[in-house]
Amino acid sequence: MNILMLATRFPFPSFNGDSIVCLNRLKSLSTRHRITLVCTPDCLPSDADRAVVEQYCRLVLVPRSSVSALFRAGIALLFGKDPLQVALYASQKLRRTVERIVEAEKIHLVHLVLYRQWSAVRCLSLPVLIDANDSQQLAVRHRIDRARGPKRWLLEAEGRRVQAFETSLSADRCRVIVLSEADQAQFPEGLASVVHMGMEVDAAPPPKAARPTLAFSGHLGYYPNVEAVEWLHRTCWPAILDQVPDAEFRIIGRDPPASIRALDGLQNVVVTGFVPSVRDELARAWVALAPMSVAWGMHTKILEAMSVGTAVIASEEAARTFQGDINGMMTAQNAGDFIRNAVTLLRDPDEVERLGDAAKAYVTAHHSWDSAAAAIEANYQALVKGVAQ
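Here's what I pulled together on the structure shown here.

About the thresholds
- Residues numbered from 1 in each chain as written.
- Predicted model: local features only at pLDDT ≥ 70, side-chain atom pairs only at ≥ 80, totals over all residues.
- Heavy atoms only, no water.
- Phe/Tyr/Trp six-rings, centres within 6.5 Å; stacked < 30°, edge-to-face > 60°.
- Helix = DSSP H or I, 4+ residues; strand = E, 2+ residues; numbered from the N terminus.
- Buried < 20%, exposed > 50% of the residue type's maximum accessible area, 1.4 Å probe, protein only.
- Salt bridge = Lys/Arg side-chain N within 4 Å of Asp/Glu carboxyl O.
- Pairing = 2+ DSSP bridges.
- Right-handed = clockwise from strand over helix to strand, strands pointing away.
- Patch = residues over 30% accessible without salt bridge, like charges linked within 9 Å, V, L, I, M, F, W, Y side chains within 5 Å.
- Areas by Shrake-Rupley, 256 points an atom, 1.4 Å probe, with all protein chains shown as cover.
- Core = buried A, V, L, I, M, F, W, Y, C linked by side-chain atoms within 4.5 Å.
- Contact = heavy atoms within 4.5 Å.
- 1 Å grid on protein atoms, 1.4 Å probe; cavity = no way out; pocket = protein on both sides within 12 Å on 5 of 7 lines; lining within 4 Å.
- Points joined across faces, edges and corners; volume = space filled by probe spheres on them.
- Nonpolar A, V, L, I, M, F, W, Y, C, P; charged D, E, K, R; others polar.

### Details of the packing of aromatic side chains
Here comes step 1: Evaluation of the coordinates by the stated rule reveals 6 aromatic pairs.
Here comes step 2: Geometrically, the ring pair formed by F15 and F274 is edge-to-face, given 5.4 Å between the ring centres and 80° between the ring planes. Of this pair, F15 sits in the loop between β1 (2-7) and α1 (17-29) while F274 is found in the loop between β10 (269-273) and α11 (278-284), placing the two residues 259 residues apart along the sequence.
Here comes step 3: Centre to centre, the rings of W118 and F165 are 5.9 Å apart; their planes meet at 80°, and the pair counts as edge-to-face. Linking W118 in the loop between β4 (109-113) and β5 (128-133) with F165 in helix α7 (residues 149-168), this pair joins segments that are 47 residues apart in sequence.
Here comes step 4: Residue classification places F165 among the buried residues on the basis of a relative accessible area of 6%.
Here comes step 5: Members of the aromatic cluster, connected to one another through ring pairs, are Y115, W118 and F165.

Here it is in structure tokens:
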């Protein structure tokens, strides 16, 4: 098939869940399909980064103006019906580019990585697969529960827009793929299917650190990650350090706010900021911590840690998005469980190694990109057949 794929972020280097998904979709699907990728990055990639992506597709860049995007979002906030994420990426230039490509390259199907660029394809007669990752209804509700005053009012309005958008999508020309059953349930029956996140397994990751090391990884400009780190440091880390005095807690991720940066150097805490390879950092850790309180999507940080042979202690909510018997992961209901499990593992390097090996085996069995590609191609075929009828 001739596939038109649209993504907001340039997929390489891959620092976010959606860019990881986009790059690996290109790798696995390009062997059987001809793909044109249209990206709307905030800044242009280097020639070297372009060359990596152009191995798998024809690349078209439509740079986005942040000033005009904010103006559109303001108009949408006051008068619009689309979710803000859709309004932010609405662009006549992008729409015209898409229309030219569809006509010139005889495109059979559009694959949206997230639904932010929906406005560029909504008037096309082509079938559309939305690689949504998760339902934004769940994400917005989570933020509403924590908001107060005018912010809560704005989020409630956005929640109504998101719900109206996600429930209005038609199975006649659309299909949605998500990462968990909780997300699937937010869409009309028969519209969404679950395609689990893929992850490459490192055959020979870096060796473990000499000292007992806990790690948290994630984009620290994202509020759930900041909440998780602050909770771990305040509620769990002092008790862990009392029982394992030589332990180190590494907080890995770009854009840490001042509240997180202030922890660096205190009580054996290291705040790394941006690192060239998050996977290498996770591989050196003895245990990765994932205390997130959300049970939708799929937490890339957990799969990354497991794929490099690092045991994980996760909240029951975070673990709920995974399938099968989760070897290599310990679950925790509360701070006491996190402390007890972490201390047990930091005192037992043999068990750390055993759980790490089990984690890699689990990812190999349940989260290959090729299996995900097969599920996506089944959706492609169903979409094209349905529109043809």
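Further notes follow.
### Digging into the pattern of salt bridges
Here comes step 1: Enumeration according to the criterion identifies 20 salt bridges in this entry.
Here comes step 2: Here R32 ties to E377 by a salt bridge, and the two come within 2.9 Å at their closest N and O atoms. A residue pair is termed long-range when its members are at least 10 positions apart, and R32 in the loop between α1 and β2 (34-39) and E377 in helix α16 (residues 369-388) qualify at 345 residues.
Here comes step 3: By relative accessible area, which is 46% here, R32 ends up partly exposed.
Here comes step 4: Judged by its relative accessible area of 16%, E377 falls in the buried class.
Here comes step 5: R250 is the partner of E281 in a salt bridge, and the nearest nitrogen-oxygen pair spans 3.0 Å.

### Considerations on the pairing of strand β9 (residues 248-252)
Here comes step 1: Here β9 lies mainly inside the structure; 4 of its 5 residues are buried.
Here comes step 2: In terms of strand pairing, strand β8 (residues 213-217) meets β9 through 5 bridges, oriented parallel. Paired with S217 across the strands is I252, a residue of β9.
Here comes step 3: Where the polypeptide runs from β8 across helix α9 (residues 223-243) and back to β9, its parallel neighbour, the crossover connection is right-handed.
Here comes step 4: The sheet contact formed by β9 and β10 spans 4 bridges and is parallel. Along β10, the bridge assignment pairs I252 with G273.

### Some remarks on a nonpolar patch on the surface
Here comes step 1: A contiguous nonpolar patch, built from F71, I75 and F79 and spanning about 370 Å² of accessible area, is present on the exposed surface.
Here comes step 2: By the secondary structure assignment, I75 is in helix α3 (residues 66-79).
Here comes step 3: Under the relative-accessibility criterion, I75 is labelled partly exposed at 40%.

### Overview of the nonpolar core
Proteins that are soluble and globular tend to have nonpolar side chains buried together.
Here comes step 1: Core analysis: the largest hydrophobic core is formed by 64 residues, its most contacted members being L214, I240, F249, I251, I302 and V312.
Here comes step 2: The element contributing the most residues to this core is α9, with 8 residues.
Here comes step 3: Contacts of F249, omitting those with residues within four sequence positions, involve L214, A215, F216, L232, W237, N268, V269, V270 and L289.
Here comes step 4: Core analysis: the second largest hydrophobic core is formed by 35 residues, L4, V110, V178 and L191 among them.

### Section: the layout of surface pockets
Here comes step 1: As a volume, the second largest pocket reaches approximately 410 Å³.
Here comes step 2: If you trace the second largest pocket, you find 21 residues lining it, with R9, F10, P41, D42 and C43 closest to the centre.
Here comes step 3: Split by residue class, the lining of the second largest pocket holds 9 nonpolar, 6 polar and 6 charged.

### Topic: the environment of L154
Here comes step 1: Residue position: L154 is located in helix α7.
Here comes step 2: The spatial distance from the C-alpha of L154 to the C-alpha of I144 is 9.0 Å, given a sequence separation of 10 residues.

### Brief notes about the pairing of β4
Here comes step 1: Of all the 5 residues making up β4, 5 are buried; the element is thus mostly covered by neighbouring parts of the structure.
Here comes step 2: Neither face of β4 is left uncovered, since the one carrying L109, H111 and V113 and the one carrying V110 and L112 both have all their residues buried.
Here comes step 3: Alignment of β1 against β4, held across 4 bridges, turns out to be parallel. Bridge pairing in β4 links M5 to H111.
Here comes step 4: Pairing of β4 with β5 involves 4 bridges; the strand directions are parallel. Residue pairing in the sheet places V110 in a bridge with V128 of β5.

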